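Summary of the model geometry
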Amino acid sequence: MKGVLKMAKFLVAYNKKGGVGKSTTCINLAFNLAVLRGKKTLLIDIDNQGDSSRFLDNVDEDKNLYNVLNGKYEIEDVIKNTRYENLDCVTFGKVEYLNTNVNNIEERLMKPWNVLDERYDFIIIDLPPAISSLNRAIFAMTDGIIVPVDLSEYSLNGLEAVVGEVKKYGGKIEGILITKYKKKNALHTKLAGLIKSSGMGKVFEFVPESNAIQNSPSYGVTVYEYFKRANAVYEKLTDEII
């Protein structure tokens, strides 16, 4: 990451398609890093749905990353502790802020990025499924992008477009995370095989379709808290990233 001191590892979850398990991945990866592996972790929620922020009870229309970029606050002012040990959260702000242009965005991100780099082991960033100047800047300022993808008839073409976009703007693919995988589904087996052999990037262990993974957000808990055994796939993802 150009200009950053490089103590922390900055990771982004991104796909232009919604509903692929991106926020679920961020929440459970951050939880596993912080609580189960003892790593000082920050989750930055920039997704316009705000699912990660709501899950961690951090929705703030004033003390947020947008107002850091605009110079109203320093990054230290907007970091919130969560109910989980070693896990903090920063929210971006109102949905409409995502469509607001901020001049010199990479330059404005550099100062808070350097502060976070000294303070945390891992920074997990939940990006919105959109093409924006903010996303493009963050691609180039992070260590890697995790691309969650579900398996449908058009998922391979969509994945190719996402990988191409990330690389075009200076990003690096950390790995591809296949979600909602059905082992006995012939189409899923075929598409998963094509993705693994595509050369687009490392493919993490598949996240299976699971009631525990699907239902845990509705109860306001992580997969580990809902049904510990179902968390095994996120523990493996965590260990691969560490």
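Details of the structure are given in the entry above.
Residues numbered from 1 in each chain as written. Predicted model: local features only at pLDDT ≥ 70, side-chain atom pairs only at ≥ 80, totals over all residues. Heavy atoms only, no water.

With respect to the overall build of the protein
The condition that has to hold: Put simply, DSSP H or I for four residues or longer makes a helix, DSSP E for two residues or longer makes a strand, and each gets a number counted from the N terminus. With the radius of gyration taken over C-alpha atoms, the globule rule is written as 2.2 Å times the number of residues to the power 0.38. Per-residue accessibility, obtained with a 1.4 Å probe over protein chains only, is compared with the maximum for each type, and a residue is labelled buried under 20%, exposed over 50%, and partly exposed between these values. Areas reported here follow the Shrake-Rupley algorithm with a probe of radius 1.4 Å; residue values treat only the protein chains shown as occluding.
When helices and strands are tallied, the protein shows 11 helices and 7 strands. Taken over C-alpha atoms, the radius of gyration comes to 17 Å for the protein, in line with the 18 Å a tight globule of 242 residues would show. Seen along its three principal axes, the alpha-carbon backbone of the protein occupies a region of about 55 × 40 × 30 Å. Taking all 242 residues of the protein together, the buried fraction comes to 53%. Of the accessible surface of the protein, which amounts to about 11,100 Å², a share of 46% is contributed by carbon and sulfur atoms.

Regarding the pattern of salt bridges
Here is the rule we go by: By salt bridge we mean one thing: a side-chain nitrogen of Lys or Arg within 4 Å of a carboxyl oxygen of Asp or Glu.
Inspection of the entire model under this criterion finds 16 salt bridges. A salt bridge links R54 to D51, with the nearest nitrogen and oxygen atoms 2.5 Å apart. With R54 and D51 both in helix α2 (residues 51-55), this residue pair falls 3 residues apart, about one helical turn. Accessibility expressed as a relative area gives 47% for R54, which makes it partly exposed. Among the residues examined, D51 registers a relative accessible area of 32% and is labelled partly exposed. Connected through salt bridges with shared partners, the residues K22, D47 and D126 form a single ionic network.

Concerning the packing of aromatic side chains
For clarity, the cut-off: In this analysis, rings of Phe, Tyr and Trp, with Trp reduced to its six-membered ring, are considered paired at centre separations within 6.5 Å, and the interplanar angle assigns stacked below 30 degrees, edge-to-face beyond 60, and tilted for intermediate values.
Counting across every chain of the model gives 7 aromatic pairs. Where F31 meets Y84, the ring centres are 5.2 Å apart and the plane angle is 80°; that geometry is what we call edge-to-face. With F31 in helix α1 (residues 22-36) and Y84 in the loop between β3 (80-81) and β4 (87-91), the pair connects residues that are 53 residues apart, well separated along the chain. We classify Y84 as buried; its relative accessible area is 9%.

Structural notes on the packing of helix α5 (residues 105-119) against helix α6 (residues 133-140)
Threshold: The angle between two axes is taken between their N-to-C directions and runs from 0 to 180 degrees, where each axis is a line fitted to C-alpha atoms and a helix contributes only its stretch in contact. An angle counts as roughly parallel when it lies under 35 degrees, as roughly antiparallel when it exceeds 145, as roughly perpendicular when it falls between 65 and 115, and as oblique in every other case. Two helices that cross are described as forming a left-handed crossing if the nearer one is turned anticlockwise from the farther one by less than a right angle, and a right-handed crossing if clockwise. In what follows, a contact means two residues having at least one pair of non-hydrogen atoms within 4.5 Å. Think of it as three bins: nonpolar holds Ala, Val, Leu, Ile, Met, Phe, Trp, Tyr, Cys and Pro, charged holds Asp, Glu, Lys and Arg, and polar takes everything else, Gly as well.
One can describe the packing of α5 onto α6 by two numbers: an axis separation of 10 Å at closest approach and a directional angle of 50°. Of the possible angle classes, the one that applies to α5 and α6 is oblique. By crossing handedness, the relation of α5 to α6 is classed as right-handed. Contact with α5, carried on its side by I105, E106, L109 and W113, involves S133, L134, A137 and I138 of α6 and no other residues of that element. Looking at the contact of α5 with α6 residue by residue, the class counts come to 6 nonpolar, 1 polar and 1 charged.

Structural notes on the sheet that holds strand β7 (residues 173-179)
How we decide: Paired strands, as defined in this entry, are two strands with at least two bridges between them according to DSSP.
Spatial strand order, β3-β4-β2-β5-β1-β6-β7: 7 strands in an open sheet with mixed pairing. At either margin of the open sheet sits one strand with a lone partner, and together these are β3 and β7.

A short note on the environment of V163
On the secondary structure map, V163 appears in helix α7 (residues 155-168). Under the relative-accessibility criterion, V163 is labelled buried at 5%. Each C-alpha atom, one on V163 and one on M200, is 7.0 Å from the other, the two residues being 37 residues apart in sequence.

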